[in-house]
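Remarks on the overall topology
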Amino acid sequence: MRTAFISLSFLLAGSLMVPAIAHTPASKKKVATTTQKGKILPMKEYIDQLMAKMTLQEKIGQLNLMVAGDITTGGALNTQVGGDIAKGNMGGVFNIKGLDKIKALQDIAIKNSRLGIPLLVGMDVIHGYETMFPIPLALSCSWDTEAMKKVGEVSAKEASAAGINWTYSPMVDIALDARWGRISEGNGEDPYLSGVMGAALTQGYQGADMRTEEILRADRIMACLKHFALYGAVESGKEYNTVDMSRIRMMNQYLPPYEAVVKAGVGSVMSSFNLIDYTPATANHWMMTDVLRKQWGFKGFVVTDYASIAEILNHGTAKDLKEASEQALLAGTDMDMCSNAFVKHLEQSVAEGKVTEEDINTACRRILEAKYKLGLFSNPYRYCNAKRNKTDIYSAENRQIARDVAAETFVLLKNEGNLLPLKKQGKIALIGPLADTRNNIAGTWSVAQAPEKYTTIKEAMEKALDGKATLLYAQGSNIWRDRELQKNGEQGKSIAWGDEVKMKNEALQIAKEADVIVCAMGETADMSGECASRTNLEMPDVQQELLAELAKTGKPVVLLNFAGRPTVLSWEKEHIPAIMNVWFGGSEVGDALCDVIFGDKVPSGKLTTSMPKTTGQEPLYYNHQNTGRPVPDDNQKFAKFASNCLDVSNGPLYPFGYGLSYTTFEYGDLKLSSHEVNMDDWKITATINVKNTGSRDADEIVQLYIRDMVASISRPVKELKGFQRIHLAAGESREICFDITPEMLKFYNAELKHVIEPGDFQIMVGGNSKEVKTQNLTVKKHP
């Protein structure tokens, strides 16, 4: 979602901004809300009675969502947003922090508007509130659905204690091009994994299936699936760019994770900025109604992304904002975020017969149903609990959970000579611009973060080594040599700017004194995220130059690579003995890193994106189609008149699913309970023995892939269809079983029918997408 604090003047030319007017409490018409026993009426009856009292404009007002802005508790009523709430022209506000401020706005809705309808209060609680978890891409590398659910639970617990009842998460956009900054906000390149992780996060946030009438607990909040749909496929990885693809590809590769989250009971969906079949997503009836509602059975409401109704004009498919609002409503969009298009124009559109009042009733009912399920009609102030606000946010319990989860997300890419884990002895040099920054450790989309409470990497290592080893520190370099370029990726989260030569000399001096060098380098928090596209994914210039100088010292070097996306580490792989991708690990990353670096915990993260050898390989993903002239990834020689490049061999630097451990795992032969099945209902079992052959107890992520060898349309070279995160003691062996069902072999054919076709399939199991054990399965035709 676009940042909540930009001005809309560039879109709307100020035409919608009118002076705020102070309002006095209006007389209210009595709405029968309870039974004789004092309990709230069933949802349909309650909302029927409420809507019977509402004017057309009040119904339209429920469809309006705006940024709360900067308010004071005593002066909220005299602001633009306060005046609109009092007039009944606002269904919700978002991205406001502070329980007193939220309560002040809710007071206006309850006490000053005619019908006293409470507000939705949203926030971008993307990977935590004040207790920050790793960025979503990092979380996906845990392959831990229970941890993902716990992330949602803790995030909801904290946000709900601060007055928030709605989060704009999860994002399950499939992103195949690492140049796109928002790859950091999703679950990587695989549709199955993204759907599983997104569903788990949704269940954590909500604690209930919002397809039912169950009222959420007061420590749970409504999730919002985004961005519907296809946003991760923007051309060249450039933010807000065009998307164009076939419906076959949509259904097979991009839409499955959205469907999985809908089936998990998500309460709301956010439309995306991009075109779908040359129609803006916000105004795309086929996507919003035919697919989302009719095909998948979604019952919640659809909210736009920031001002996307106004952006329809830029796409050239509407002549003015009024026409754009009509297109969006009729497509199935229910709530307008920040365009003021619905509240300004829909009443006139009804009068002209362009839309009907029933169209507005449908959208209004969906918003009111969400408020009912959030318990706001039972108690408008249930999320304004001052006691919980003091006890439930950034608690010791929440921080420990975040610390434990972060340790599961680090991906060990290289560990030559078992350099890691380090011993707590001697002199350790900590060098790099990410080593002692508080603002950047949580990563992008940390709207409610409280960095003054967080521990930097340097501080955490000082504590971990106290009395055992000496820590030497130097920043070493800026992020970039170009100061303006560095500012582009800071967005207010600044890194101290210093003299380049002086900083490098300080770093080289302590490196000479040290026994081992730990480098904290890479991207800053907002070098990835929204509007953070990059054309070159290599480590920034001065950092890589410093890293090269440190490597020349002959001292062992550990690189902690901070990133919100897959980055190019080809030089680093060749020259640096130990590399660990640490992403942005959240508020507790300092302690979590020490847990892993010094061996109290064993790294277990596995990549959910393919890491390229060079930026020119992008988009790069494991589940690609075969070409007519394929060249194997491990073929190092250029092949003329075949599908490869002159300068770089095919395949990633590190494949999807890859990640090392402090121990080793051995996979036995794969066995199938049957190699032939009929087309009728069946289930076979794939079995493989996995042994921990090292000296450390550790977790392993066992992955199941399937390939359809011959089909009516070309199918990917392999697709993830299952995984298990297991724990094995040193020396322990375990038989791992996967049930393989017809559903796993289905795909959408050229007629967009979900089918299984007879033929041969490869069943593959291994520790990553490249190193697998394989068996063949034949699905026979009906006799």
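Residues numbered from 1 in each chain as written. Predicted model: local features only at pLDDT ≥ 70, side-chain atom pairs only at ≥ 80, totals over all residues. Heavy atoms only, no water.

According to the stated counting rule, one finds 54 salt bridges in the structure shown. The partner of Lys-294 in a salt bridge is Asp-290, and the shortest N-O contact between them spans 3.8 Å. Of this pair, Lys-294 and Asp-290 both sit in helix H11 (residues 285-295), four residues apart, which is roughly one turn of that helix. According to the relative accessible area criterion, Lys-294 is exposed, its value standing at 63%. Here Lys-322 ties to Glu-326 by a salt bridge, and the two come within 2.8 Å at their closest N and O atoms. Of this pair, Lys-322 and Glu-326 both sit in helix H13 (residues 321-331), separated by four residues, roughly a single helical turn. We note that Lys-322, like Glu-326, is buried. Here the salt bridges share partners, and the residues they tie into one network are Arg-403, Asp-404, Lys-463, Asp-591, Asp-595 and Lys-601. (Salt bridge = Lys/Arg side-chain N within 4 Å of Asp/Glu carboxyl O. Helix = DSSP H or I, 4+ residues; strand = E, 2+ residues; numbered from the N terminus. Buried < 20%, exposed > 50% of the residue type's maximum accessible area, 1.4 Å probe, protein only.)

Structurally, the protein comprises domain 1 (48-390), domain 2 (410-604) and domain 3 (665-780). Put simply, the middle of domain 2 and the middle of domain 3, counted by C-alpha atoms, are 37 Å apart. Facing the four residues of domain 2 at the interface are six residues of domain 3. Across the domain 2/domain 3 interface, buried area totals approximately 370 Å², and carbon plus sulfur atoms make up 46% of it. For the domain 2 face of the interface with domain 3, the top three residues by lost area are Gly-599, Val-602 and Ser-604, together amounting to 90%. (Domains from an automatic or database assignment. Contact = heavy atoms within 4.5 Å. Buried area = accessible area lost by both parts, 1.4 Å probe.)

We now examine helix H20 (residues 500-513). Turn by turn, an α-helix covers 3.6 residues, leaving residues three or four places apart pointing in a common direction. When the terminal C-alpha atoms of H20 are compared, their 21 Å separation across 14 residues agrees well with the 20 Å that a helix rising 1.5 Å per residue should span. The complete set of buried residues in H20 reads Met-503, Ala-507, Leu-508, Ile-510 and Ala-511. End-on, the buried residues of H20 take up no more than an arc of 165 degrees, which puts them together on one face. For H20, the exposed residues lying more than 90 degrees away from the buried face are Val-501, Lys-502 and Lys-512. Packing partners of the buried residues in H20 comprise strand S12 (427-431), strand S13 (470-474), strand S14 (516-522) and helix H21 (541-552). The N-cap of H20, judged by a side-chain oxygen 3.3 Å from the amide nitrogen of Val-501 a few residues on, is Asp-499. (Expected span 1.5 Å × (residues − 1). Arc of directions from axis to C-beta. Polar contact = N/O pair within 3.5 Å; in protein donor to acceptor, adjacent residues only side chain to side chain.)

Our next topic: the environment of Met-580. Tracing the sequence through the fold places Met-580 in strand S16 (residues 578-581). In this structure the C-alpha to C-alpha distance between Met-580 and Val-558, which are 22 residues apart in sequence, comes to 7.8 Å. Every residue in contact with Met-580, bar those within four places of it in the chain, is listed here: Phe-410, Val-411, Leu-412, Leu-413, Leu-559, Leu-560, Asn-561, Leu-593, Val-596, Ile-597 and Pro-603.

Here we take up the side chain of Lys-371. For Lys-371, the position within the fold is in helix H15 (residues 357-373). Although Lys-371 lies buried, it forms no salt bridge, and the closest oppositely charged side chain, Glu-58, sits 12 Å away as judged by the N-O distance. One polar contact links Lys-371 to Gln-62, side chain to side chain, over a distance of 2.6 Å. (Lys, Arg positive; Asp, Glu negative; His and termini not counted.)

The full count for this structure, using the stated rule, is 19 aromatic pairs. On the basis of an interplanar angle of 75 degrees and a centroid distance of 6.3 Å, the ring pair of Phe-94 and Tyr-306 is categorised as edge-to-face. Taken as a pair, Phe-94 in strand S2 (residues 92-94) and Tyr-306 in the loop between strand S9 (301-303) and helix H12 (308-315) lie far apart in primary sequence, 212 residues in all. For Phe-94, a relative accessible area of 0% gives the class buried. (Phe/Tyr/Trp six-rings, centres within 6.5 Å; stacked < 30°, edge-to-face > 60°.)

This brings us to the packing of helix H8 (residues 191-206) against helix H10 (residues 256-263). Taken N-terminus to C-terminus, the directions of H8 and H10 make an angle of 25 degrees; their axes are 8 Å apart at the nearest point. With respect to their mutual orientation, H8 and H10 come out roughly parallel. Every pair of crossing elements has a handedness; the one defined by H8 and H10 is right-handed. Residues Pro-191, Ser-194, Gly-195, Gly-198, Ala-199 and Thr-202 of H8 pack against Pro-256, Pro-257, Ala-260 and Val-261 of H10. Classifying every residue of the contact of H8 with H10 gives six nonpolar, four polar and no charged. (Axes fitted to C-alpha atoms, helices over the stretch in contact; angles between N-to-C directions. Parallel < 35°, antiparallel > 145°, perpendicular 65-115°, else oblique. Left-handed = near helix turned anticlockwise from the far one by under 90°. Nonpolar A, V, L, I, M, F, W, Y, C, P; charged D, E, K, R; others polar.)

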